[in-house]
Amino acid sequence: MSSEPDYSHGVAYVAGRYVPIAEAAIPITDWGFLRSDATYDVVTVWDGAYFRLDAHLERFERSCRRWRLDPGLDRAQITDILSRCVRLSGLRASYVEMICTRGQPPWGSRDPRQAVNRFYAFAVPFVWLANEQQRAQGLHVMISDVQRISPRSVDPTAKNYHWNDLTMGLLGALDAGADSVLLVDGQGHVVEGPGFNVFGVVNGRIVTPGEGMLEGISRRTVIEMAASLGLEVAIGPVPVPTLRGAAEVFLSTSGGGVLPVTRLDGQVIGDGRPGPITTRLVQTYWAWHKDPAYRLAIDYAA
Ligand SMILES: *Cc1c(COP(=O)(O)O)cnc(C)c1O
């Protein structure tokens with residue numbers, strides 16, 4: 001009797017095959033590994049449906065073009081692969097990642113134009129950026145003195161794996177007892193953290209950086225939700241003191257939507273609890289998951 005592979009912890013698509021996540025491996029010579037020469041995107045599945053899949057696919061295409069990578073697949077083909085990963089896993093709440101790597105040039109060549117680009121994907125159980133208690137009480141975030149890599153060096157608007165600044169900043173914050181970290185740019189403006197964008201509420205207005213960071217789909221959702229709720233959003237530089245003085249601070253990410261921050265560098269924000277605007281946005285974020293305009297159900301029977 002042959003035993004069925006165990007897909008319940010997630011499924012990956014590698015070299016044209018669907019494998020249990022624990023068995024997924026890439027060639028060690030892929031420049032995606034050797035040079036962080038890759039791009040990716042993450043879309044979530046909630047209650048058996050993608051949230052804003054089109055926006056993620058569109059951004060993935062843009063990122064690929066920016067880095068001169070070609071997955072060799074169109075949107076419909078990528079969607080089929082992602083959906084098959086989710087379907088095989090049976091997961092109703094999933095974190096779904098698509099990746100295009102440089103691959104490898106022919107032996108002896110260092111010319112990236114000669115490399116055959118690779119497409120990989122996987123679906124794993126939903127990954128939260130904040131646990132239940134952090135979501136209820138708010139995160140403690142440190143503002144790192146590690147500077148975000150310059151936009152003139154690596155374009156932050158195209159997703160990439162140049163995360164060493166973010167990871168070193170995160171390690172410093174975790175060592176200091178915080179939950180996560182925010183990085184600043186060369187002018188001392190807050191830009192973003194490892195996988196999330198940042199917002200403050202200042203004089204009743206929502207403020208968020210406009211440059212030097214990845215333009216998150218969740219960030220876009222926050223901006224659109226604010227418009228629909230009649231809340232004003234000011235997009236522009238956010239100096240560190242502005243964020244410290246904000247009445248509310250929150251993060252946006254596909255890893256959990258809108259996440260309240262109630263302490264910055266040990267200092268309490270507002271009254272130390274998630275604020276009213278943050279709370280409304282959290283509720284609206286999950287309500288929008290039921291909106292057919294943003295929701296694409298996965299056919300688990302196919
Ligand atoms: C993916 C990412 C974000 C958040 O983007 P979402 O589409 O909202 O998940 C923010 N910053 C960085 C560096 C990222 O890689």
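Residues numbered from 1 in each chain as written. Predicted model: local features only at pLDDT ≥ 70, side-chain atom pairs only at ≥ 80, totals over all residues. Heavy atoms only, no water.

## Describing the side chain of Thr101
- By secondary structure assignment, the location of Thr101 is in strand β5 (residues 94-104).
- Given the relative accessible area of 4%, Thr101 is considered buried.
- Within polar-contact distance, the side chain of Thr101 engages the side chain of Asp30 at 2.7 Å.
- The contact partners of Thr101, leaving out residues within four places of it in the chain, are Asp30, Gly32, Asp37, Ala38, Leu69, Asn117, Arg118 and Tyr120. (Helix = DSSP H or I, 4+ residues; strand = E, 2+ residues; numbered from the N terminus. Buried < 20%, exposed > 50% of the residue type's maximum accessible area, 1.4 Å probe, protein only. Polar contact = N/O pair within 3.5 Å; in protein donor to acceptor, adjacent residues only side chain to side chain. Contact = heavy atoms within 4.5 Å.)

## Looking at the site of the ligand
- Surveying the vicinity of the ligand reveals 16 residues, the closest of which are Lys159, Glu192, Ile217, Ser218 and Ser254.
- One nitrogen or oxygen atom from the side chain of Glu192 is found 2.7 Å from a nitrogen atom belonging to the ligand.
- Taking 380 Å² as the accessible area of the ligand by itself, protein coverage stands at 96%.
- In this structure, the ligand is accommodated by the largest pocket.
- Residue assignment for the shell around the ligand shows that the elements contributing at least two residues are α2 (53-66) and α6 (217-229). (Near = heavy atom within 4 Å. Areas by Shrake-Rupley, 256 points an atom, 1.4 Å probe, with all protein chains shown as cover. 1 Å grid on protein atoms, 1.4 Å probe; cavity = no way out; pocket = protein on both sides within 12 Å on 5 of 7 lines; lining within 4 Å. Sits in = over half its atoms within 2 Å of the grid points.)

## Details of the sheet that holds strand β3 (residues 38-46)
- Ordered in space as β2-β1-β6-β5-β3-β4-β16, the seven strands form an open sheet in which the pairing is antiparallel. Both outer strands of the open sheet, β2 (17-20) and β16 (295-297), are each paired with one neighbouring strand and no more. Averaged over all pairs of adjacent strands, the angle between strand axes in this sheet comes to 25 degrees, irrespective of strand direction.
- Pairing of strand β1 (residues 11-14) with β2, which is carried by four bridges, proceeds in the antiparallel orientation. Its bridge partner lying in β2, Ala12 is registered against Val19.
- Packed onto the sheet, α2 meets β3, β4 (49-51), β5, β6 (116-125) and β16 and runs at close to 175 degrees relative to β3.
- Contacts from helix α3 (residues 75-89) reach β1, β2, β3, β4, β5 and β6, with the element oriented near 35 degrees to β6. (Pairing = 2+ DSSP bridges. Axes fitted to C-alpha atoms, helices over the stretch in contact; angles between N-to-C directions.)

## Brief notes about a nonpolar patch on the surface
- Among the surface-exposed residues, Ile26, Ile28, Phe33 and Leu34 lie close enough to one another that they form a single nonpolar patch of about 410 Å² accessible area.
- Tracing the sequence through the fold places Ile28 in the loop between β2 and α1 (31-34).
- For Ile28, a relative accessible area of 62% translates into the label exposed. (Patch = residues over 30% accessible without salt bridge, like charges linked within 9 Å, V, L, I, M, F, W, Y side chains within 5 Å. Salt bridge = Lys/Arg side-chain N within 4 Å of Asp/Glu carboxyl O.)

## Description of the packing of aromatic side chains
- All told, the structure shown has 14 aromatic pairs when counted by the stated rule.
- Centre to centre, the rings of Trp46 and Trp128 are 5.8 Å apart; their planes meet at 85 degrees, and the pair counts as edge-to-face. Placement of the pair is Trp46 in strand β3 and Trp128 in the loop between β6 and α4 (132-137), with a sequence separation of 82 residues.
- Judged by relative accessible area, which is 26%, Trp46 ranks as partly exposed.
- For the ring pair Tyr285 and Trp286, a centre distance of 5.1 Å and an interplane angle of 90 degrees mean the geometry is edge-to-face.
- One aromatic cluster is present, built from ring pairs that chain together Trp46, Phe51, Phe126, Trp128, Tyr285, Trp286, Trp288 and Tyr294. (Phe/Tyr/Trp six-rings, centres within 6.5 Å; stacked < 30°, edge-to-face > 60°.)

## A closer look at the pairing of β3
- Of all nine residues in β3, eight are buried; the element is thus mostly enclosed.
- Pairing of β3 with β5, which is carried by eight bridges, proceeds in the antiparallel orientation. In the sheet register, Asp41 faces β5, and the bridge partner there is Met98.
- Alignment of β3 against β4, held across two bridges, turns out to be antiparallel. What sits directly across from Trp46, in β4, is Ala49.
- Between the antiparallel neighbours β3 and β4 lie two residues, among them Asp47 with a positive phi of about 55 degrees.

## What about the pattern of salt bridges?
- This structure, assessed with the given rule, holds twelve salt bridges.
- Two residues, Arg102 and Asp37, come together in a salt bridge whose shortest N-O distance is 2.8 Å. Taken together, the positions of Arg102 in strand β5 and Asp37 in the loop between α1 and β3 put the pair 65 residues apart, joining distant regions of the chain. We note that Arg102, like Asp37, is buried.
- A salt bridge links Asp271 to Arg273, with the shortest nitrogen-to-oxygen separation between them at 3.2 Å.

## A short note on the state of the cysteines
- Overall, the coordinates contain zero disulfides when judged by the stated rule.
- In this model Cys64 remains outside any disulfide bridge; the closest cysteine sulfur is found in Cys100, 4.6 Å from its own.
- Take Cys85: it sits in no disulfide, and the sulfur closest to it among the cysteines is that of Cys100, at 15 Å. (Disulfide = S-S within 2.5 Å.)

## Observations regarding α6
- The end-to-end C-alpha distance of α6 is 18 Å, a good match for the 18 Å that 13 residues give at a rise of 1.5 Å each.
- Taken together, the buried positions of α6 are Ile217, Ser218, Arg219, Thr221, Val222, Met225 and Ala226. (Expected span 1.5 Å × (residues − 1).)

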